[in-house]
Amino acid sequence: MHLKCPHCSTVLNVTSPAGTQVQCPTCQGVFVVPQAAPQVGPVITPKTSGSRAPDKPKVGATEEGAEEGKGSGREIPWNAIIKTGYIVFFSLLSAAALFVVYLFVSANAGETDDVVIDKADFNRGNQIQQRITQAETGEQHIKWIPAKNSATMEGFKVKVNHVDWGETIGKDERGEIVTSGRPFINVYLELSNRSDKTFHFKSWYGNVFTSPSGALRTAQISDDNKRTYEPIMFDDLSDLKWWTKQKTFAPLEEGTDVIVFDVPEDFDPNQIENLYLDLPGEAVTRDGADQAMSGSYRFQIPKSMIQGL
């Protein structure tokens, strides 16, 4: 029969006869089994401050589960944990895949023109920064021609007409106008043969030249802070304002050329006072000569010559 301990109210299943002393396993109190014990219903543990509900009995625990849960009174739900782990893993994997797709779409969404830019990186032999420093310190006599004047080597004259800070505009193979989408440094040059010889010219735009020492060179430009910018070429342009891809200059003949220099998007031409332009002489070859000219056409371009500011 079921009896309630008079000391702690614990319900006990008692099989001892009436008049027998029974010890409560919960509070260790001793009491006598009465003659007629009434039936006791389920006990509700009150939720008083500091009280703790008794542990629930383990139902259907396997031997392995019971051993692992020993000491806590509860079976560890391994199946639920594994299932939750799979859900979390695949959720993270799906989120990562969506993020990659987002980056791809965002990158392509910002493209406004079908212009492909190929940046040249061949100037181990140019040493424009070293030449600027040598000229400043007087270590070596290197003259940077004021851009309002012209520079002549072996009778072939080059002059800076102007520098444009703005989008590069040209025509594609279908003759349609295309733009670079953001500003670059565009340098426009006047060329002329001031001798009785014939010269063969190859544009500074998009070409790499080899110096007598074997070093690869391109046109370069630098600012007052000695940051150097390399030329770029737009693959989708078949025609560019002032561009002369190549030309044979007869005596007294004139022509033009253009160079586009790559700069970071945060470049601010208003923060500089001068640009320093270095043009490899190897772009010009005198007719009958064994090799192209060497050296450089060097110009110091003041900010006043930069249009578009």
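Structure: see above.
Residues numbered from 1 in each chain as written. Predicted model: local features only at pLDDT ≥ 70, side-chain atom pairs only at ≥ 80, totals over all residues. Heavy atoms only, no water.

Student: What am I meant to see in the overall build of the protein here?
Tutor: Along its length, the protein carries three helices and 22 strands. Per-residue burial over the protein gives 35% buried out of 309 residues. For the protein, the share of sequence-separated contacts (at least 6 apart) that also reach a separation of at least 24 residues comes to 67%. Split by element, the accessible area of the protein, about 19,200 Å² in all, is 52% carbon and sulfur. (Helix = DSSP H or I, 4+ residues; strand = E, 2+ residues; numbered from the N terminus. Buried < 20%, exposed > 50% of the residue type's maximum accessible area, 1.4 Å probe, protein only. Contact = heavy atoms within 4.5 Å. Areas by Shrake-Rupley, 256 points an atom, 1.4 Å probe, with all protein chains shown as cover.)

Student: Just to check I follow, could you spell out unusual backbone geometry for this structure?
Tutor: Working note: non-glycine residues mostly have negative phi, and peptide bonds are mostly trans. For Lys 226, which is not a glycine, the phi torsion comes out positive at approximately 60 degrees. Examined against the element boundaries, Lys 226 turns out to sit in the loop between strand 13 (220-223) and strand 14 (228-229). Of note in this structure, Trp 242 is not a glycine but carries a positive phi near 75 degrees. With respect to the secondary-structure elements, Trp 242 resides in the loop between strand 16 (239-240) and strand 17 (246-249). Residue classification places Trp 242 among the partly exposed positions, given a relative accessible area of 24%.

Student: Can you help me understand the pairing of strand 18 (residues 254-261) in this one?
Tutor: Put simply, side chains in a regular strand alternate between the two faces of the sheet. Most of strand 18 sits inside the fold, with six of its eight residues counted as buried. Of the pairings in the sheet, the one linking strand 9 (residues 177-193) to strand 18 comprises eight bridges and is antiparallel in character. Opposite Tyr 188, over in strand 18, you have Val 258 as the bridge partner. (Pairing = 2+ DSSP bridges.)

Student: Would you mind going over the sheet that holds strand 20 (residues 284-286) with me for this structure?
Tutor: For sheets, the rule is that strands pair by backbone hydrogen bonds, running either parallel or antiparallel. Strand order in the open sheet made by the three strands is 17-10-20, with antiparallel pairing throughout. A single partner strand is all that each edge strand has here, and the edge strands are strand 17 and strand 20. Averaged over all pairs of adjacent strands, the angle between their axes in this sheet comes to 15 degrees, without regard to strand direction. Pairing geometry for strand 10 (residues 199-202) and strand 20, over three bridges, is antiparallel. Residue pairing across strands places Phe 201 opposite Val 284, the latter belonging to strand 20. (Axes fitted to C-alpha atoms, helices over the stretch in contact; angles between N-to-C directions.)

Student: Even after reading the chapter, I still don't get the packing of aromatic side chains, so can you show me in this structure?
Tutor: Working definition: an aromatic ring pair is given by the centre-to-centre distance plus the angle between the planes. Applying the stated rule across the entire model yields 12 aromatic pairs. Ring plane angle 75 degrees and centroid distance 5.4 Å describe the contact between Tyr 229 and Phe 267, whose orientation is recorded as edge-to-face. Taken together, the positions of Tyr 229 in strand 14 and Phe 267 in the loop between strand 18 and strand 19 (274-280) put the pair 38 residues apart, joining distant regions of the chain. Just as Tyr 229 is buried, Phe 267 falls in that class too. Seen from the ring of Tyr 188, Lys 241 lies directly overhead, with NZ or CZ sitting 5.5 Å from the centre. Looking at Arg 298, its charged tip hangs above the ring of Trp 144, at a distance of 6.0 Å from the centre. (Phe/Tyr/Trp six-rings, centres within 6.5 Å; stacked < 30°, edge-to-face > 60°. Lys NZ or Arg CZ within 6 Å of the ring centre and 35° of its normal.)

Student: Help me out: how do you make sense of the environment of Glu 173 in this one?
Tutor: Relative to the helices and strands, Glu 173 is located in the loop between strand 8 (156-171) and strand 9. The residues touching Glu 173, leaving out its near neighbours within four places in the chain, are Asp 236 and Ser 238.

Student: How do you make sense of the sheet that holds strand 21 (residues 296-302) when you look at a structure like this?
Tutor: Spatial strand order, 6-21-19-13-14: five strands in an open sheet with mixed pairing. Of all the strands in the sheet, the pair left with one neighbour each is strand 6 (145-146) and strand 14. Bridge count between strand 13 and strand 19: four bridges; the pairing is antiparallel. Within strand 19, the residue paired with Gln 220 across the bridge is Asp 278.

Student: What is the right way to read empty space enclosed by the protein from this model?
Tutor: Where empty space is left can be seen by rolling a probe of water-molecule size over the atoms. With the rule as written, the count across this model stands at one cavity of 30 Å³ or more. By volume, the largest cavity is sized at about 30 Å³. As for the largest cavity, its lining consists of Val 163, Trp 165, Ile 185, Phe 267, Pro 269, Leu 275 and Ile 306. When the residues that make up the lining of the largest cavity are grouped by side-chain class, the tally is seven nonpolar, no polar and no charged. (1 Å grid on protein atoms, 1.4 Å probe; cavity = no way out; pocket = protein on both sides within 12 Å on 5 of 7 lines; lining within 4 Å. Points joined across faces, edges and corners; volume = space filled by probe spheres on them. Nonpolar A, V, L, I, M, F, W, Y, C, P; charged D, E, K, R; others polar.)

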